[in-house]
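Chain by chain, the residues:
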Amino acid sequence: MMILSVKRGLPAAAFTLLLLFAFSDSWSQVKILKGSIRDAHSDEPIPFASMRFRNSTSGRLSDSAGNFSFRFNEWPTTDTIEITYVGYADYILPIDSILLSRVRNNVLDISILMIRGKFANEVVVKKKIDRGYLMWKRIVKHKPENDRYRFDNFSYELYNKIEIDLKNIARDRWSKYPIIKNYGFVFDNIDTTEEGRPYLPVYLTEAISDYYYQKSPKKRREVFKGTKTIGVSNESALQFLGGMDQNINFYSNFIPVFDKQYVSPISDNGDLYYNYKVLDSQFVNNRRLIHMVFTPKRKGESTFEGDCWVHDTTWAVQKMNLRLSKDANINFVDKLSLIQEYKMTDKGIWFLSRDKFVVDLSLTGEKALSIIGRKSTTYENIVINDTSVLSELAKNKLIEETIVPDSAKFASDSFWDTARHESLNKNEKAIYHTIDTLMSMPSFKRATKIINFIATGYLDVGNYQIGPWQNWVYGNVIEGLRLRWDLGTNRYFNKNLLLHGYLAYGFTDQKYKGGADFRYLFNRNPRLMVSGSYSKDFDRAQTYYDEISQDNIFALAIRKNNVPFKFMMLEDARLAVFKEWHNGLSVNLMGVHKSYEPIKNLPDKAVIAGNNGNTFTTFETSIQVRFAYLEKFLENTFFRTSLGSPYPITELRYTRGIPNVWNSNYSYSKLSASISDYSKIPPIGSIYYNLFAGKTYGTLPYMFLDVAPGNEIYYYNKYAFNLMNRWEYLHDQYAGINFEHNIGNGLFRYIPLTRKLKFRQFWNAKVLWGSLSDANKALNNPTGSSYQFSTLDGKTYMELGTGVDNIFKVFRLDFIWRVLPRPLPPEKVKRFGVFFSFRLAF
């Protein structure tokens, strides 16, 4: 201790200065260790983690934001800090020379990233009074008081940010490839994960919007203020960047993860799926929060593991962290974190303030090249039960509307600087700079065109497009070697007009085949389009049912044995007008002129009784009405892919055959209808069904009647009867159902090996009823004909199937039984078959 004597009369300022000099040496020796503790995968702060010095046994907890600070007179160089938190592997931090080399001005600032672990052995409840179960019951009891969807209406401003990174991309390994050398600057952005694996941020997109919700009658509306998608010109994708399609509610019984539904830890039936354990409680902002963890009761189920903090007065969730375990039955996902955080508004209401989604995706394993996807969303300017929300929703013409004005697509940098809820970090700014640079490089544009050509089959060459390459080479018994060439225009030629044509030549029959078509889009949303086509080529029968076409090289290798090819030459000319409305109603008006000529293994015109030498020529007009409410599409310039509708899709079609138009010979009417739907039914998977029926009025040759869809290859066809051959059953009236139930892992989760392999279970049934009038029987099955069509005559045709899905994550085996009608024809058909198919699904 230093003793100072002070003379009487010494000025106060001088005395103060003397004290500062006296203690400055002591103060300069204070050492500060500070930092933050975060989740290594999601980068979320870990609050109230336990930090203990092993030798001194002293310690403390990190604060509610995961921060900590220690002060020392001397660095404890012989000590080690042990950091523990439920659900994470213990973190050991030696205070050694390597760590102390990072000291700056007596301050050591570190970031500690904790890796998941230990959950499986921690949540074991053996007490007579299960506090975790009681906590869960209280949360569930108060869900109606805390779920934001209890309000009559609300709105908020939503800021959404999505980042994509490539993981395990080492610069020294990738930069040696010639095609990569031109892009060496991209590797300047490489960072490192918690496991020391390099990752490269490659893409970033942002969106900011106003979201409105009304409870009854239910209405939703989203108006975008800005979207930033550098390098992606597909405007239809913008609608999926906001809150309409990425809306997750932890208070729901099920939480969507990609195309699956997982049981929420606070589901009404959560105790059937989870074990719960209360750990401790802490005070944050003068509010007591209780910490609870949860783990799955059984392996392989659609459940999470994680923890949450709950306000002990309202039993509202303040924050919840969800993670998928290694046993989760989901493909290509190595790690997944899902976080939601709630804040109390000025009115004392807990409301969602932030959510975050981080996922590591890999096709072949976490050590191979993989993708990290990060989505973060913040919610501000929350308005609850206000007339302003109703006024905005009154603008809706449908119960759900997404508005993306042109001003949002071209928002300026100055707009983003002020509108973002949070600033971009260093990596995020670097992504935008890298993308801008790549998009200006001709070599990068060429590389992307080549990759797109290999993947899709189509290649843009200036204003034109060639492909698909899969159809260039083919062969069959009539044509021998067949070569085909396609040429069409693309969006650079005209954004509204598409022209396309193809020419094919068979080296055995020495005949040319070909066709041409066009489409012109007057409007895209809702769609108004006129289209037309002409072709003269082999009709391989019911190609509209196929999931893979019959005229490419791959179909030859998987064709069924001893099933003859059936060849029909078809000359087809058609013109159509398609009109669609915002509510999902569409009408397609069509005129078609068709002329058939059977070539091989089908009856020709001389065999058809009473045909009187007529050619198989017809002219027909049709109207098709389709209703798919709230159906969504992913579109390119001319074509679009349906992403489905939350409601059943119905179709009705009427066709009228008119004789004496361009040598047409037949008068008839056709009526058909269908209703189909795909629905998730958690926790037992999903179902698909299609109900269909139709009737033909008139006496007609077989090609104008209703031919049941068969399958003559071993690739499973979802829309056909797989044990039925093409042209096997003929009807002029029919009805049927196609049903499939995908169960998920089902019984496979009880077997360790199949659970590890992530096999999935399904079953399906396909049923058909049909009949053929006596007049059509007499016309198409005359006595002595070598080819006899079958008809059900009111009997039931049924196929039942089951199998194993998700073999090696992409392969499916179907085992199909033809169980009706009885008795089965002994020689003609198979009663059992095995089929395969491929698909990519989570």
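A quick note: this is a predicted structure, and the numbers were derived from the prediction, not measured.

**What about the overall build of the protein chain?**
Then step 1. Helix and strand content of the protein chain: 15 helices and 43 strands.
Then step 2. Per-residue burial over the protein chain gives 49% buried out of 842 residues.
Then step 3. Pairs at least 24 residues apart make up 64% of the contacts formed inside the protein chain by residues separated by at least 6 positions.
Then step 4. Carbon and sulfur atoms make up 57% of the accessible area of the protein chain, which amounts to about 42,000 Å² in all.

**Things to note about the sheet that holds strand E1 (residues 31-39)**
Then step 1. A sheet is described by the order of its strands in space; here 3 strands give the open sequence E4-E1-E7, paired in mixed fashion. Looking at strand neighbours, the two that pair on one side only are strand E4 (67-72) and strand E7 (107-114), the edges of this open sheet. Strand after strand, the sheet turns through a mean of 20 degrees between neighbouring axes, direction not considered.
Then step 2. Of the strand pairs in this sheet, E1 and E7 are connected by 8 bridges, and their pairing is parallel. Bridge pairing in E7 places Arg 38 opposite Leu 113.

**Examining helix H4 (residues 131-141)**
Then step 1. Inspection of H4 places Gly 132, Met 135, Trp 136, Ile 139 and Val 140 among the buried residues, and these make up the whole buried set. Summarising the axial view, the buried residues of H4 lie within an arc of 135 degrees, below the 170-degree limit, and thus occupy one face.
Then step 2. In this structure, the buried side of H4 is in contact with helix H5 (143-146), strand E14 (274-284), strand E15 (287-296) and strand E16 (305-311).
Then step 3. The backbone nitrogen of Gly 132 has a side-chain oxygen 3.1 Å away, supplied by the residue at the start of H4, namely Asp 130.

**Topic: the side chain of Glu 479**
Then step 1. Its place among the elements puts Glu 479 in the loop between strand E24 (473-476) and strand E25 (480-489).
Then step 2. By relative accessible area, which is 0% here, Glu 479 ends up buried.
Then step 3. Within polar-contact distance, the side chain of Glu 479 engages the side chain of Arg 482 at 2.8 Å.

**Remarks on the packing of aromatic side chains**
Then step 1. Considering all chains together, one arrives at 52 aromatic pairs under this definition.
Then step 2. A centroid spacing of 5.2 Å and a plane angle of 85 degrees characterise the contact between Phe 53 and Phe 70, whose relative ring orientation is edge-to-face. Within this pair, whereas Phe 53 is found in strand E2 (residues 50-53), its partner Phe 70 is found in strand E4, the two being separated by 17 residues in sequence.
Then step 3. Classification of Phe 70 by relative accessible area gives buried; the value is 5%.

**Examining the pattern of salt bridges**
Then step 1. For the coordinates displayed, the defined rule picks out 45 salt bridges.
Then step 2. Note that Lys 356 is salt-bridged to Glu 44, the shortest N-O span being 3.7 Å. Within this pair, whereas Lys 356 is found in strand E19 (residues 350-361), its partner Glu 44 is found in the loop between E1 and E2, the two being separated by 312 residues in sequence. Glu 44 matches Lys 356 in its accessibility class, with the two residues each being buried.
Then step 3. Note that Arg 491 is salt-bridged to Asp 460, the shortest N-O span being 3.9 Å. One end of the pair, Arg 491, is in the loop between E25 and strand E26 (497-506); the other, Asp 460, is in strand E22 (residues 459-461), with 31 residues separating them in the sequence.
Then step 4. Taken together, the shared-partner salt bridges in this structure form one network comprising Glu 44, Lys 319, Glu 341, Arg 354 and Lys 356.

**Quick notes on a nonpolar patch on the surface**
Then step 1. Taken together, the side chains of Val 577, Leu 589, Ile 623, Leu 652, Tyr 654, Leu 671 and Tyr 697 define a hydrophobic patch exposed on the protein surface, amounting to about 610 Å² of accessible area.
Then step 2. Examined against the element boundaries, Leu 652 turns out to sit in strand E34 (residues 649-657).

**Thoughts on helix H11 (residues 426-439)**
Then step 1. The first and last C-alpha atoms of H11 sit 20 Å apart over 14 residues, in line with the 20 Å expected at 1.5 Å per residue.
Then step 2. Within the span of H11, buried status applies to Glu 428, Ala 430, Ile 431, Tyr 432, Thr 434, Ile 435 and Leu 438.
Then step 3. Buried residues belonging to H11 abut strand E8 (153-167), strand E10 (198-214), strand E11 (219-228) and helix H12 (442-456).
Then step 4. Taking the backbone nitrogen of Asn 427 as reference, a side-chain oxygen 3.1 Å away marks Asn 425 as the first, capping residue of H11.

**Observations concerning the sheet that holds strand E3 (residues 59-61)**
Then step 1. The 4 strands are arranged E3-E2-E5-E6 in an open sheet whose pairing can be described as antiparallel. Among the strands making up the open sheet, the edge pair consists of E3 and strand E6 (91-94). On average, adjacent strands in this sheet sit at an angle of 15 degrees to one another, irrespective of strand direction.
Then step 2. Where E2 meets E3, 3 bridges bridge the pair, whose relative direction is antiparallel.

**Focus on unusual backbone geometry**
Then step 1. The residue after Asn 525, namely Pro 526, is reached through a cis peptide bond having omega 0 degrees.
Then step 2. Turning to its location among the elements, Pro 526 is positioned in the loop between strand E27 (511-524) and strand E28 (527-539).
Then step 3. In the segment running from Pro 682 into Pro 683, the intervening peptide bond is cis, with an omega of 5 degrees.
Then step 4. For Pro 683, the position within the fold is in the loop between strand E35 (668-680) and strand E36 (686-697).
Then step 5. Positioned with a positive phi, Phe 48 is a non-glycine residue whose angle comes to about 60 degrees.
Then step 6. Looking at the element boundaries, Phe 48 is found in the loop between E1 and E2.
Then step 7. By relative accessible area, Phe 48 is classed as buried at 12%.
Then step 8. Positioned with a positive phi, Asn 562 is a non-glycine residue whose angle comes to about 60 degrees.
Then step 9. Note that Asn 562 resides in the loop between helix H13 (553-557) and strand E29 (567-580).

**Considering the side chain of Lys 513**
Then step 1. Structurally, Lys 513 is set in strand E27.
Then step 2. At a separation of 2.7 Å, a polar atom in the side chain of Lys 513 contacts the side chain of Asp 509.
Then step 3. Aside from chain neighbours lying at most four places away, what touches Lys 513 is Glu 479, Arg 482, Tyr 502, Leu 503, Ala 504, Gly 506, Lys 536, Asp 537, Phe 538 and Met 569.

**Comments concerning the confidence of the model for the protein chain**
Then step 1. Taken residue by residue, the protein chain gives an average pLDDT of 85. The fraction at 70 or more is 88%.
Then step 2. Within the protein chain, the lowest mean pLDDT, 44, falls on helix H1 (residues 12-27), and the highest, 97, falls on E34.
Then step 3. Counting contacts from residues 1-27, a segment whose pLDDT is below 50, to residues more than four positions away or on other chains yields 6 contacts.
Then step 4. Predicted confidence is poor over residues 542-546, with pLDDT under 50, and the contacts of this stretch with residues over four places away or in other chains come to 10 contacts.

**Quick notes on the pairing of E4**
Then step 1. A one-sided burial pattern is seen for E4, the buried positions being Phe 68, Phe 70 and Phe 72 and the unburied ones Asn 67, Ser 69 and Arg 71.
Then step 2. Pairing between E1 and E4: 6 bridges, direction antiparallel. Residue pairing for E4: Leu 33 is matched across the bridge by Phe 70.

**Some remarks on the environment of Leu 134**
Then step 1. Relative to the assigned elements, Leu 134 resides in helix H4.
Then step 2. You can call Leu 134 partly exposed: its relative accessible area is 34%.
Then step 3. Here the alpha-carbon distance between Leu 134 and Val 278, two residues 144 residues apart in the chain, equals 9.4 Å.

**Regarding the pairing of strand E42 (residues 811-820)**
Then step 1. Sheet topology note: the strand E41 (residues 796-807)/E42 ladder contains 8 bridges and is antiparallel. Each bridged residue has a counterpart across the sheet, and for Ile 807 the counterpart in E42 is Phe 811.
Then step 2. Joining the antiparallel neighbours E41 and E42 is a turn of 3 residues, in which Phe 808 adopts a positive phi near 55 degrees.
Then step 3. As judged from the 7 bridges shared by E42 and strand E43 (residues 832-838), these two strands associate in the antiparallel manner. Bridge pairing links Arg 812 to Ser 837 in E43.

Calculation rules
- Residues numbered from 1 in each chain as written.
- Predicted model: local features only at pLDDT ≥ 70, side-chain atom pairs only at ≥ 80, totals over all residues.
- Heavy atoms only, no water.
- Helix = DSSP H or I, 4+ residues; strand = E, 2+ residues; numbered from the N terminus.
- Buried < 20%, exposed > 50% of the residue type's maximum accessible area, 1.4 Å probe, protein only.
- Contact = heavy atoms within 4.5 Å.
- Areas by Shrake-Rupley, 256 points an atom, 1.4 Å probe, with all protein chains shown as cover.
- Pairing = 2+ DSSP bridges.
- Axes fitted to C-alpha atoms, helices over the stretch in contact; angles between N-to-C directions.
- Arc of directions from axis to C-beta.
- Polar contact = N/O pair within 3.5 Å; in protein donor to acceptor, adjacent residues only side chain to side chain.
- Phe/Tyr/Trp six-rings, centres within 6.5 Å; stacked < 30°, edge-to-face > 60°.
- Salt bridge = Lys/Arg side-chain N within 4 Å of Asp/Glu carboxyl O.
- Patch = residues over 30% accessible without salt bridge, like charges linked within 9 Å, V, L, I, M, F, W, Y side chains within 5 Å.
- Expected span 1.5 Å × (residues − 1).
- pLDDT = per-residue confidence, 0-100.

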